[in-house]
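# Notes for the structure review
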Amino acid sequence: MSVMVARKKVVRKWEKLPGRNTFCCDGRIMMARQKGIFYLTLFLILGTCALFFAFECRYLAVQLSPAIPVFAAVLFLFAMATLLRTSFSDPGVIPRALPDEAAFIEMEIEATNGTVPQGQRPPPRIKNFQINNQIVKLKYCYTCKIFRPPRASHCSICDNCVERFDHHCPWVGNCVGKRNYRYFYLFILSLSLLTIYIFTFNIVYVALKSLKIGFLNTLKETPGTYPSTSLTVLTVLEVLICFFTLWSVVGLTGFHTFLVALNQTTNEDIKGSWTGKNRVQNPYSHGNIVKNCCEVLCGPLPPSVLDRRGILQQEESTAQEESCQRGPSTQEPTAAQGAGGQAEESSAQQKDGSLPHPSAVPAPSLSNAEMPEEKQLTSGELPVPSQDAGQAEH
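Just so it is clear, the structure is predicted and the values come from calculations on it, not from any experiment.

Secondary structure assignment for the protein chain yields nine helices and 12 strands. When each of the 394 residues of the protein chain is scored for burial, the buried share is 34%. Sequence-distant contacts, at least 24 apart, represent 64% of the contacts inside the protein chain between residues at least 6 apart. For the protein chain, the accessible surface area stands at approximately 25300 Å², while carbon and sulfur atoms represent 60% of it.

Moving on: the pairing of strand β5 (residues 126-131). Every other side chain in a regular strand lies on the same face of the sheet, so the side chains alternate between the two faces. Judged from the six bridges that link them, β5 and strand β6 (residues 134-141) form a sheet pairing that is antiparallel. Note that in β6 the partner of Lys 127 across the bridge is Leu 138.

The three strands lie next to each other as β4-β9-β8, forming an open sheet whose pairing is antiparallel. Two strands close off the open sheet at either side, each with one partner strand: β4 (93-94) and β8 (153-155).

Turning our attention to the pattern of salt bridges. Inspection of the entire model under this criterion finds four salt bridges. Here Asp 159 ties to Arg 96 by a salt bridge, and the two come within 3.1 Å at their closest N and O atoms. In this pair, Asp 159 sits in the loop between β8 and β9 (160-162) while Arg 96 sits in the loop between β4 and α3 (99-113), placing the two residues 63 residues apart along the sequence.

Once that is clear, we can look at the sheet that holds strand β7 (residues 146-147). The antiparallel open sheet is built from three strands, whose spatial order is β5-β6-β7. Each end of this open sheet is capped by a strand with a single partner; those strands are β5 and β7.

All right, on to the UniProt feature "transmembrane region" (unreviewed entry) in the protein chain then. Residues annotated in UniProt with the feature "transmembrane region" (unreviewed entry) correspond here to residues 37-55, 67-84, 183-208 and 228-250. The distance from the first to the last C-alpha atom of residues 67-84 is 26 Å, and the span holds 100% helix and 0% strand.

We now examine a nonpolar patch on the surface. Taken together, Ile 37, Leu 40, Phe 43, Leu 44 and Trp 171 make up a surface patch of nonpolar side chains, about 480 Å² in accessible area. Topologically, Ile 37 is positioned in helix α1 (residues 36-63). When its relative accessible area of 36% is taken as the criterion, Ile 37 is described as partly exposed.

Attention now goes to the packing of aromatic side chains. As enumerated under the stated definition, the model contains 14 aromatic pairs in all. Pairing Phe 52 with Phe 53 gives two aromatic rings, centres 5.9 Å apart and planes at 65°, and the pair type is edge-to-face. Residue classification places Phe 53 among the partly exposed positions, given a relative accessible area of 27%. By way of ring pairs, the aromatic residues Phe 199, Phe 243, Phe 244 and Trp 247 are connected into one cluster.

Below, the discussion takes up the pairing of strand β2 (residues 21-24). Burial of β2 is one-sided: the residues Asn 21 and Phe 23 facing one way are buried, the residues Thr 22 and Cys 24 facing the other way are not. The sheet contact formed by β2 and strand β3 (residues 29-32) spans four bridges and is antiparallel. Looking at β3, one finds that Thr 22 is bridged to Met 31. Linking two consecutive strands that pair antiparallel, namely β2 and β3, is a turn of four residues; a positive phi of about 55° is found at Cys 25 within it.

Helix length check: helix α2 (residues 67-87), at 21 residues, gives a terminal C-alpha distance of 30 Å against a target of 30 Å (1.5 Å per residue), a fit within 8%. Considered for burial, the residues of α2 that qualify are Ile 68, Pro 69, Ala 72, Leu 75, Phe 76, Ala 79, Met 80, Thr 82, Leu 83, Thr 86 and Ser 87. Here the buried residues of α2 occupy an arc of 170° about the axis, which is enough to place them on one side. The outward face of α2, more than 90 degrees from its buried face, is lined by the exposed residues Val 70 and Leu 77.

Here we come to the confidence of the model for the protein chain. Regions with low pLDDT should not have their predicted coordinates read in detail. For the protein chain, per-residue confidence averages 75 on the pLDDT scale, and residues scoring 70 or more make up 67% of the total. When the criterion is pLDDT under 50, residues 222-229 qualifies, and its contacts beyond four places in sequence or with other chains add up to 10 contacts. A low-confidence stretch, residues 317-394 (pLDDT under 50), is modelled with 41 contacts involving residues beyond four sequence positions or located in other chains.

The phi angle at Asp 159 is positive, at roughly 60°, despite the residue not being glycine. With relative accessibility at 18%, the residue Asp 159 sits in the buried group. In the Ramachandran plot, Asp 307 falls in the positive-phi region, its phi being about 50° despite a non-glycine side chain. For Asp 307, the location among the structural elements is in the loop between α8 (289-298) and β12 (311-321).

Structurally, the position occupied by Ser 156 is in the loop between β8 and β9. Ser 156 sits in the exposed class, given a relative accessible area of 60%. With 136 residues separating them along the chain, Ser 156 and Arg 20 place their C-alpha atoms 9.3 Å apart.

Rules used throughout
- The residue count restarts for each chain, going from 1 along the sequence in the order it is written.
- This being a predicted model, a pLDDT of at least 70 is required before a residue's local features are given, and a value of 80 or more before pairs of side-chain atoms are given or counted; all residues contribute to the totals for chains, interfaces and linings.
- Values shown for side chains rest on all heavy atoms present in the structure; no hydrogens or waters enter the calculation.
- In this text, helices come from DSSP runs of H or I with a minimum length of four residues, and strands from runs of E with a minimum of two, each type numbered from the N-terminal end.
- For every residue, the accessible area obtained with a 1.4 Å probe (protein chains only) is divided by the maximum for its type, and the residue is called buried under 20%, exposed over 50%, and partly exposed between those limits.
- Contacts are residue-level and defined by heavy atoms, with any inter-residue pair within 4.5 Å sufficient.
- Here the accessible surface of atoms and residues is derived via Shrake-Rupley with a 1.4 Å probe, and residues count as covered only by protein chains that are part of the display.
- In this scheme, strands are said to pair when DSSP sees at least two bridges between them.
- Criterion for a salt bridge: a side-chain nitrogen of Lys or Arg within 4 Å of a carboxyl oxygen of Asp or Glu.
- UniProt positions are given in the numbering used here, feature names are shortened, and annotations may be inferred rather than shown by experiment.
- Each patch is assembled from residues with relative accessible area greater than 30% and no salt bridge, linking like charges that lie within 9 Å and nonpolar side chains (Val, Leu, Ile, Met, Phe, Trp, Tyr) that lie within 5 Å.
- Aromatic rings from Phe, Tyr and Trp, taking only the six-membered ring of Trp, are treated as a pair when their centres fall within 6.5 Å; an angle between ring planes under 30 degrees marks them as stacked, one over 60 as edge-to-face, and anything in between as tilted.
- To estimate how far a helix should extend, the number of its residues minus one is multiplied by 1.5 Å.
- Relevant arc is that of directions from the helix axis to the C-beta atoms, nothing else.
- Looking at any residue, its pLDDT shows the predictor's confidence there, from 0 to 100.

Structure, rendered in structure tokens:
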């Protein structure tokens, strides 16, 4: 006997989200699919700091101050925390329109623009929005089927509209937007300080060693655990990494400091949104550097609108075979027992071949119309055995 059982399968919303993102830890971690350069970032930071803590820090702590490795550890932990927070968080992705919402928006656009003759290009889909007495255009996203909010843009790499889109950073493996920009800025700021710190004390280490044993002897010195590798070679490697990192990271930090002071994004700066030919003023700037920095770096962080770990329940119908073994006394009439609902004679017999008790055999059900006139019953009456039947038994 097959029974259809409806089983509920719990599905999280992140499993059905469109776009080119990867999720880990049941939707708690959200990143872009291209993560190769992010792993390179981790390798450079961890490798350089490991060499610094393993060799130079011990000598500098003894010769100068034990606070040197402590402050370096604080900078390292802060840089790693802000990096992971930037890489593993939702940058401010805007959900795509549902099919009903997209159809409604299309109807509104068609009603506004009218029918476009064949062969002509349809007008751009934009809406005007006023911010601080200035008109800002809201553009329509043909992929997400929505009018993007102010300062939002569609990332071609992640295939999502991101609120207050700044840029897509492959070094952190994620987009930089409204919900993680402050952590991105703190990351590059702390990484710049950490790079300058390691670079400076690497030079101090070589200088102190050279004063004691000479520069040439310093170059020939080898650590006890790595006799085949010159200790100065490792130091020079750290200096080279820090030197080339300084030009990029420190320059990037200065550029974003300029943007934060103006309350402007990288996307707006590249496009020249507020410095073009029209000379339109930035409606988001407060005209004060302190207020702009407080809004960007210290303002309230908006919650994610994706609800990645929300539950979507889907029902799956599965057929299960159940073998129901019942005794003869509990069998019920089925369609195979005949049109009258009577059981076959073989099913009424017990295993030992004897007939069962009359009470165990289901009596044929006859309607009042089929019964003789003297045996027709009204509802609620019980049949009474006739006297002829009683005399026959005697």
